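# Notes for the structure review
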Amino acid sequence: MTTQEQINTHTISVLVDNEAGVLARVIGLFSGRGYNIDSLTVAEVDDGAHTSRITVVTTGTPMVIEQIKAQLGRLVPVHRVVDLTVETDSVERELALIKVSGKGEARVEALRMSEAFRARVVDATPDSFVFELTGRTEKIDAFIGLMRPLGLKEVSRTGVAAIARGAEAM
Amino acid sequence: MSEMMTGAQIVLKALQDQGVEHIFGYPGGAVLPIYDEIFQQDAVEHILVRHEQGATHAAEGYARSTGKPGVVLVTSGPGATNAVTGLTDALMDSIPMVCITGQVATHLIGNDAFQEADTVGITRPCTKHNYLVKSADDLPRILHEAFQVATTGRPGPVVVDIPKDVQFAEAKYMRPAAVEHKTYKPQLKGDIEAIYTAVDLISKAKKPVFYTGGGVINSGPQASQLLREFVKLTGFPITSTLMGLGAFPSADPQWLGMLGMHGTYEANLAMHDCDVMINIGARFDDRITGRLDAFSPNSKKIHIDIDPSSINKNVMADVPIIGDVAHVLEDMLRVWKSRAAEPDKKALADWWTEIEAWRARKCLAYRKDTKAIKPQYAVERLYELTKGPNTYITTEVGQHQMWAAQYYRFEEPNRWMTSGGLGTMGYGIPAAVGVQVAHPDALVIDIAGEASVLMTMQEISTAVQYRLPVKIFILNNEYMGMVRQWQELLHGGRYSSSYSEALPDFVKLAEAYGATGIRAEKPDELDDAIRKMMQTKGPVIFDCIVTKDENCFPMIPSGAAHNDMLLADDQGLDVEVSDAGKVMV
Ligand SMILES: Cc1cc2nc3c(=O)[nH]c(=O)nc-3n(C[C@H](O)[C@H](O)[C@H](O)COP(=O)(O)OP(=O)(O)OC[C@H]3O[C@@H](n4cnc5c(N)ncnc54)[C@H](O)[C@@H]3O)c2cc1C
Ligand SMILES: Cc1ncc(C[n+]2csc(CCOP(=O)(O)OP(=O)(O)O)c2C)c(N)n1
Ligand SMILES: [Mg+2]
């Protein structure tokens, strides 16, 4: 029973027809059935075939995760559902834009940190920076944590995009 | 084929090409072009209901009794919102339905136009799929797709929302054959390795039980035939859910009766004690499993279901087989025969001895009464006097529904129409209307409760208009009996708002509609009254006055395990229900 109760985080990729309402179907399914969405990204990935890729990061017991995948697969416009966490080895990335304002010591420290994290400065004023950072969710979380005492103002994150390693396509 | 047609003409042409003979509907501004086309043709007959909910349940009754999709046509706004209950009901019970809704013109969508509702938004969670048709060019494809999605795989309701300008616009028609869906392809054949494993397990079973459900009915008459063959070959006991009644003949000695909350003692104990459970087209609903951690603790579970999301949803399957019941059973039978597999006869004989001891409890026995009609007795007599292959039963929701399931008996599939998953009071009359439209010469009876029946009573008017001789057999206990029973069990007998106050005189009500009213109050007048009902040509409302405080047994109180059943001869309802049980519905 204990393994059943274990809550895990999974990254699930869903290839869908890019038609009106498809995102509402996916989101409605999660809210209607009480599943969690930690992150969700969506964009058209093949304009010829009119398909979009939705990447959902979700948490649940193994039984719930299996239900989520089966329920997604049941939606009529869904082509494929792949659990990148269990089925393959995958690469996950997120992009964040992070605004920090401050002067003096804090400003210097923020810039130094951004270099350590390989963040790019995409906007600068005498008393602020906007950093662009890509990486795994944990890396972005860590950077934001470090910016907090240094004058963190606001954050905009894309959510996770993910893809399997190797030559195979989903 | 490249002839141009209006959207409304395309709708009628598509319905004809899909073999639709009847649609249930109600007109309004946003569907007038379609009604105009209906007026100008004869192939599709329109049945005018009295409320859009009635149209949806009529379509469900039609679908369940024929295996064909039920088709509904309603207007925008209130027409569509009135259809929501029936759509949800069809989704829960896996009933194939296509519901065409009118919508305001495309350029008005989003403007809070007159009778505008976000129909695709509202119906998204209560349909298998839905469409907003933005251009007449898409209409033929969408309509044919709608029928394909509604009727294949796990069946369900599909809404096609058609703005009024699209109904006037011209486009090229396309035949069904030309339409193939890009992504939607349900799996019919089961994995053969899993079928081998299942056959292995079945032949080694010592205490097996077949647990069958609505999926057998959904799969078609062939599935029931194959099921009968397999059950005969193995000699195993078989039980079914409420939704699967009729797939296996109740007259057969291997039949244990329905299982679940109000199922038989023998069916539930066989489920609890079995070592191999063969689930065929049932979904481990909470009315079946009761307390999940105590559900059939020692069995290996084989689960055949066409919908992957039914597998491992509530109960983990040891051998999941995704596929259509008929396809899988065909393969299973072939493998069984080719291996010359044999059940463990010795173990099986012992198992049947155990089962017979449970059967001997006679859990459906009740105390007879000579002065008043017991509801169980009423259903028993109704069964004896009306049984036959051409009799179709619908129900409302409540105690009478359970008594109908327990005391009416079914030998064939598609003869039993009930709202199982959603439990919609008001289902029975319109469903009976739909069944009678499909089977004009059949005897169609709605076993009803006096409270439920008032929810869609106006459909008697539909029955009268179309000369549909449906029989509404009301077990009138002057209570929302099922609610009263739960209040007795869980709320100290405080019958808050469950008394059916200010009831109409059902005999006079029938007459007001132009139907016939019959009343029976004493056991000795019941048989004659039922005969009179059967001899009456038109629709009948039968007011059967029954004892008021009867409870429905057996009962597994919510949150209890299968071996914690309450039987009629026990202490009654004087039991403690756990806190976990009290929060269950
Ligand atoms: C007041 C009340 C009391 C009730 N008490 C009971 C009770 O005591 N006992 C009871 O049994 N029910 C009871 N019910 C009904 C209960 O709520 C459920 O509706 C019912 O148990 C579900 O039946 P099922 O498992 O057969 O599933 P269904 O809802 O019929 O689902 C069918 C399953 O089969 C699958 N399927 C569909 N088509 C196919 C195919 N072609 N091939 C393979 N699989 C397919 C579907 O995916 C689904 O999983 C009660 C309802 C009410 C309103
Ligand atoms: C539309 C709807 N509203 C409420 C309920 C809750 N409910 C379930 S059974 C029941 C009472 C039904 O009474 P009646 O039709 O007289 O049947 P009885 O139980 O007395 O046989 C109620 C209110 C329901 N199932 N459906
Ligand atoms: Mg009643």
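Above this text is the structure in question.
Residues numbered from 1 in each chain as written. Chains lettered and ligands numbered in written order. Predicted model: local features only at pLDDT ≥ 70, side-chain atom pairs only at ≥ 80, totals over all residues. Heavy atoms only, no water.

## Section: the site of ligand 2
All names here are of chain B. Note the following rule: The nearness test applies per residue and asks whether one of its heavy atoms lies within 4 Å of the molecule or strand. Any pair of N or O atoms that falls within 3.5 Å is considered a polar contact. Within protein, one atom must be able to donate a hydrogen and the other to accept it, and sequence-neighbouring residues count only if both atoms are side-chain atoms. Using a 1.4 Å probe, accessible areas were evaluated by the Shrake-Rupley method; residue-level cover was limited to the displayed protein chains. In DSSP terms, a helix is any run of H or I states spanning at least four residues, a strand is any run of E spanning at least two, and both are numbered starting from the N terminus. Each residue receives one of three labels: charged for Asp, Glu, Lys and Arg, nonpolar for Ala, Val, Leu, Ile, Met, Phe, Trp, Tyr, Cys and Pro, and polar for the others, Gly being one of them.
In the vicinity of ligand 2 there are 17 residues, among which Gln-399, Gly-423, Ser-452, Tyr-479 and Gly-481 approach most closely. At 2.9 Å from an oxygen atom of ligand 2 is found a side-chain nitrogen or oxygen belonging to His-400. In the complex, the protein chains occlude 76% of the 590 Å² of accessible area that ligand 2 would expose alone. For the shell around ligand 2, the secondary structure elements donating two or more residues are α17 (399-407) and α20 (481-490). No other element matches the 3 residues that α20 contributes to the shell around ligand 2. Residues belonging to the shell around ligand 2 are distributed by class as follows: 8 nonpolar, 8 polar and 1 charged.

## Things to note about the coordination of the magnesium ion (ligand 3)
Residue and element names in this part refer to chain B. Selection rule: Atoms of type N, O and S within 2.8 Å of a metal are treated as its donors, and for Na, K and Ca the window is 3.2 Å; water is not considered, so some sites may appear to be missing partners. Working rule for geometry: tetrahedral if four donors all subtend angles between 85 and 135 degrees; square planar for four, octahedral for six, if opposite donors exceed 155 degrees and the others stay between 65 and 115; irregular in every other situation. We call a residue buried when its accessible area falls under 20% of the maximum for its residue type, exposed when it is over 50%, and partly exposed in between, using a 1.4 Å probe and counting protein chains only.
For the magnesium ion (ligand 3), the full set of protein donor atoms is Glu-450 (OE), Glu-450 (OE), Asn-477 (OD1) and Tyr-479 (O), at a range of 2.1 to 2.8 Å. In this structure, the magnesium ion (ligand 3) is coordinated by 6 donor atoms arranged in irregular fashion, with angles at the metal of 50 to 173°. In the primary structure, the donors to the magnesium ion (ligand 3) are separated according to the pattern E-x26-N-x1-Y. Each member of the pair, Asn-477 as well as Tyr-479, is classed as buried.

## Considering the site of ligand 1
Residues and elements named next belong to chain B. As a structural note, the neighbourhood of ligand 1 is formed by 37 residues, with Gly-214, Thr-241, Arg-283, Asp-305 and Ser-310 the closest of them. At 2.9 Å, a backbone N or O of Gly-420 approaches an oxygen atom of ligand 1. Among the elements of the structure, α10 (214-219), α13 (286-289) and α17 are those that each provide at least two residues to the shell around ligand 1. With 4 residues, the top contributor of residues to the shell around ligand 1 is α10. Split by residue class, the shell around ligand 1 holds 13 nonpolar, 17 polar and 7 charged.

## Here we look at the pairing of strand β13 (residues 300-305) of chain B
Residue and element names in this part refer to chain B. Here is the rule: Two strands make a pair as long as DSSP finds a minimum of two bridges between them.
In terms of burial, β13 is a largely internal element, 5 of the 6 residues being buried. Pairing geometry for strand β12 (residues 276-280) and β13, over 5 bridges, is parallel. Paired with Val-276 across the bridge in β13 is Lys-300. Alignment of β13 against strand β14 (residues 319-322), held across 4 bridges, turns out to be parallel. Bridge pairing in β14 places Ile-302 opposite Val-319.

## Details of the packing of aromatic side chains
The way to describe two aromatic rings as a pair is by their centre distance and the angle between their planes. Put simply, the rule reads: Only the six-membered ring of Trp is used, alongside the rings of Phe and Tyr, when aromatic pairs are assigned; centres must lie within 6.5 Å, and planes under 30 degrees apart are stacked while those over 60 apart are edge-to-face, with the rest tilted. The criterion for a charge sitting over a ring is simple: Lys NZ or Arg CZ within 6 Å of the ring centre, and within 35 degrees of the ring normal.
The full count for this structure, using the stated rule, is 18 aromatic pairs over all chains. Joined through ring pairs, the aromatic side chains of Phe117(A), Phe129(A), Phe131(A) and Phe143(A) make up one cluster. Its guanidinium or amino end placed over the ring of Phe129(A), Arg107(A) lies 4.2 Å from that ring's centre, counting from NZ or CZ. Arg484(B) extends its terminal NZ or CZ atom over the ring of Tyr479(B), reaching a point 5.7 Å from the ring centre.

## With respect to the packing of helix α1 (residues 7-17) of chain B against helix α7 (residues 139-151) of chain B
Residues and elements named next belong to chain B. Heads up, the condition is: To define axes, lines are fitted to C-alpha atoms, for helices over the stretch in contact only, and angles between the resulting N-to-C directions are given on a 0 to 180 degree scale. Each helix crossing is assigned a hand: it is left-handed if the near helix lies turned anticlockwise from the far helix by less than a right angle, otherwise right-handed if that turn is clockwise. Residue contacts are counted whenever heavy atoms from the two residues lie within 4.5 Å of one another.
At a closest axis distance of 10 Å, the pairing of α1 and α7 adopts a crossing angle of 35°. Here the hand of the crossing between α1 and α7 comes out right-handed. Two secondary-structure elements touch here, α1 through Gly-7, Ile-10, Val-11, Ala-14, Leu-15 and Asp-17 and α7 through Leu-139, Pro-140, Leu-143, His-144 and Phe-147.

These results come straight from atomic positions and should not be treated as a statement about function.
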